[in-house]
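# Summary of structural features
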Protein chains: 4
Amino acid sequence: MPHLSRNDSDLLARVKRIAGQVAAVERGLTEKAPCADILHLVAAVRGAVNGLMDEIIVDHLDQHVAKPGLGDAERATGAAELATVIRRYSK
Amino acid sequence: MPHLSRNDSDLLARVKRIAGQVAAVERGLTEKAPCADILHLVAAVRGAVNGLMDEIIVDHLDQHVAKPGLGDAERATGAAELATVIRRYSK
Amino acid sequence: MPHLSRNDSDLLARVKRIAGQVAAVERGLTEKAPCADILHLVAAVRGAVNGLMDEIIVDHLDQHVAKPGLGDAERATGAAELATVIRRYSK
Amino acid sequence: MPHLSRNDSDLLARVKRIAGQVAAVERGLTEKAPCADILHLVAAVRGAVNGLMDEIIVDHLDQHVAKPGLGDAERATGAAELATVIRRYSK
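Cut-offs applied
- Residues numbered from 1 in each chain as written.
- Chains lettered and ligands numbered in written order.
- Predicted model: local features only at pLDDT ≥ 70, side-chain atom pairs only at ≥ 80, totals over all residues.
- Heavy atoms only, no water.
- Least-squares fit on C-alpha atoms with pLDDT ≥ 70 in both.
- Contact = heavy atoms within 4.5 Å.
- Helix = DSSP H or I, 4+ residues; strand = E, 2+ residues; numbered from the N terminus.
- Salt bridge = Lys/Arg side-chain N within 4 Å of Asp/Glu carboxyl O.
- Buried < 20%, exposed > 50% of the residue type's maximum accessible area, 1.4 Å probe, protein only.
- Polar contact = N/O pair within 3.5 Å; in protein donor to acceptor, adjacent residues only side chain to side chain.
- Nonpolar A, V, L, I, M, F, W, Y, C, P; charged D, E, K, R; others polar.
- Buried area = accessible area lost by both parts, 1.4 Å probe.
- Expected span 1.5 Å × (residues − 1).
- Lys, Arg positive; Asp, Glu negative; His and termini not counted.
- Axes fitted to C-alpha atoms, helices over the stretch in contact; angles between N-to-C directions.
- Parallel < 35°, antiparallel > 145°, perpendicular 65-115°, else oblique.
- Left-handed = near helix turned anticlockwise from the far one by under 90°.

Turning to the relation of the copies chain D and chain A, a few remarks are in order. The pair of chain copies shares a relation made of a rotation about an axis and a shift along it. Its rotation angle being 180°, the transformation that places chain D on chain A also includes 0.0 Å of axial translation and leaves an RMSD of 0.0 Å. The relationship between the two copies is best expressed as a two-fold rotation axis. When the interface residues of chain D are mapped onto chain A, 100% of them again lie at the interface, so the same face is used by both copies.

Here it is, written out as structure tokens:
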């Protein structure tokens, strides 16, 4: 699959936010925060990771399947890659 | 979003299989099968439902975004619908 | 894992509801309903299946781990079974 | 919900590993790695986050529901907290 393109900076910002959320989980564990609080933090990480995955998939869809000007073969390849990803990574 | 097209019969076969799996769960409960067995059956239903969802999404991708001969505007619409679905229904 | 107990009738009612939702998906496919509508129905099935799974797990927790009067060994067994289930079936 | 207890150091090790995996995603984006590679890294993060969540839940089960010597009321409270968590955070 080719490179990410359109909104790499948006994706990077998401990853940095996730890194911050993971650091908050680590802090919570170190400071012996209540279990329910830590679960809440971990659930937030999970939500953010799922969101990141969605955006990478949508980015690929836009760049390698839907973009005007692609040839039929390029589109077919992009769609096949995307189908593989959807089947493999949907929970 | 337009109609399903390519492989409706495959999708229908999946749904009928799921109906059979749900009936097995019902039978398990009625016959007081062990909890672990029932959970196993329910997990199978969940896997099959996720698989059905993936195939509907891939079908839409093929028909309304990747198919040769679509206009740029049709592709853009199909991709936008797909992006909405991916963002909404990814866990 | 031992038998379900407390709220079998609640669980059965859930399964019957799920069967009805699966029938609605089948109808949607047969009648060539729009793809987005069908995805919505399938997502509802998935939510209901996840809910059923949660209730079976909570039922096991109540009956085989938390219930007053169980011996330490029974509780330990019940908790080990539950831990296995949580690790295996969490997405 | 009370504090985590039994295996905080195991949980902390998991969180540190997740932080490393998130850093790998960030690196992949910065270095414009192929989309499929990045998705693979993100999927690994998601798996690890789900695993962390499971272990926190199992830890709570062991400490606040199954542990020998707890009173009935303590167990009931622990089980109710756990049921809430299972219902809220199962996908």
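This part is about the environment of I57 of chain B. Structurally, I57 of chain B is set in helix α2 (residues 35–66). Sequence separation between I57 of chain B and A76 of chain B is 19 residues, and the spatial gap between their C-alpha atoms is 16 Å. The residues touching I57 of chain B, leaving out its near neighbours within four places in the chain, are I86 of chain A, L82 and V85 of chain B together with L39 of chain C.

Enumeration according to the criterion identifies 16 salt bridges over all chains in this entry. Between E26 of chain D and K16 of chain A there is a salt bridge, and its shortest N-O distance comes to 3.0 Å. Placement of the pair is E26 of chain D in helix α1 (residues 8–30) and K16 of chain A in helix α1 (residues 8–30), with the two residues belonging to separate chains. The class for E26 of chain D is partly exposed, based on a relative accessible area of 22%. You can call K16 of chain A partly exposed: its relative accessible area is 48%.

Contact with chain B, which involves 19 residues of that partner, is made by 19 residues of chain A. Summed over the shared surface of chain B and chain A, the result is two salt bridges. Among the salt bridges present, the one from E55 of chain B reaches R87 of chain A, with a minimum N-O distance of 2.7 Å. Seen at the junction of chain B and chain A, the total is four residue pairs in polar contact (both at pLDDT 80 or more). A per-element tally of the side of chain B that touches chain A places α2 of chain B first, with nine residues. Residue composition of the side of chain B that touches chain A, by class: ten nonpolar, two polar and seven charged.

All right, on to the interface of chain D and chain A then. Contacts between chain D and chain A engage 38 residues on the former and 38 residues on the latter. Carbon and sulfur atoms make up 75% of the surface buried where chain D meets chain A, a total of about 3600 Å² over both sides. Remark: the boundary between chain D and chain A carries four salt bridges. The interface formed by chain D and chain A holds eight residue pairs in polar contact (both at pLDDT 80 or more) in total. For the side of chain D that touches chain A, the secondary-structure elements that each account for two or more residues are α1, α2 (35–66) and α3 (72–89) of chain D. Considering every element that reaches the side of chain D that touches chain A, the biggest residue donor is α2 of chain D, with 16 residues.

Mapping chain B onto chain A calls for a rotation angle of 180° and an axial translation of 0.0 Å; the resulting RMSD is 0.0 Å. Looking at the interface residues of chain B, 100% of them are also at the interface in chain A, so both copies use one shared face.

Here the focus is unusual backbone geometry. Not every positive phi belongs to a glycine, and K32 of chain A is a case in point at roughly 55°. Position of K32 of chain A relative to the elements: it lies in the loop between α1 and α2 (35–66).

All names here are of chain C. End to end, helix α1 (residues 8–30) covers 33 Å across 23 residues, agreeing with the expected 33 Å (1.5 Å per residue, within 8%). Taken as a whole, α1 has its buried residues at D8, L11, V15, I18, V22, A24, V25, G28 and L29. K32 occupies a position one or two residues after α1 and carries a positive phi of about 55°.

This part takes up the side chain of D54 of chain A. For D54 of chain A, the position within the fold is in helix α2. Here D54 of chain A occupies a buried position and makes no salt bridge, while the nearest side chain of opposite charge, R87 of chain B, is found at 6.5 Å. Residues contacting D54 of chain A, with those up to four places away along its chain left out, are I86, R87 and S90 of chain B.

Turning to the packing of helix α2 (residues 35–66) of chain C against α2 of chain D, a few remarks are in order. Their axes nearest at 11 Å, the elements α2 of chain C and α2 of chain D cross at an angle of 50°. Regarding the angle of α2 of chain C to α2 of chain D, the classification is oblique. The chirality of how α2 of chain C crosses α2 of chain D is right-handed. Here L61, V65 and A66 of chain C of α2 of chain C lie close against α2 of chain D, whose contacting residues are L61, V65 and A66 of chain D. Residue classes in the contact of α2 of chain C with α2 of chain D are distributed as six nonpolar, no polar and no charged.

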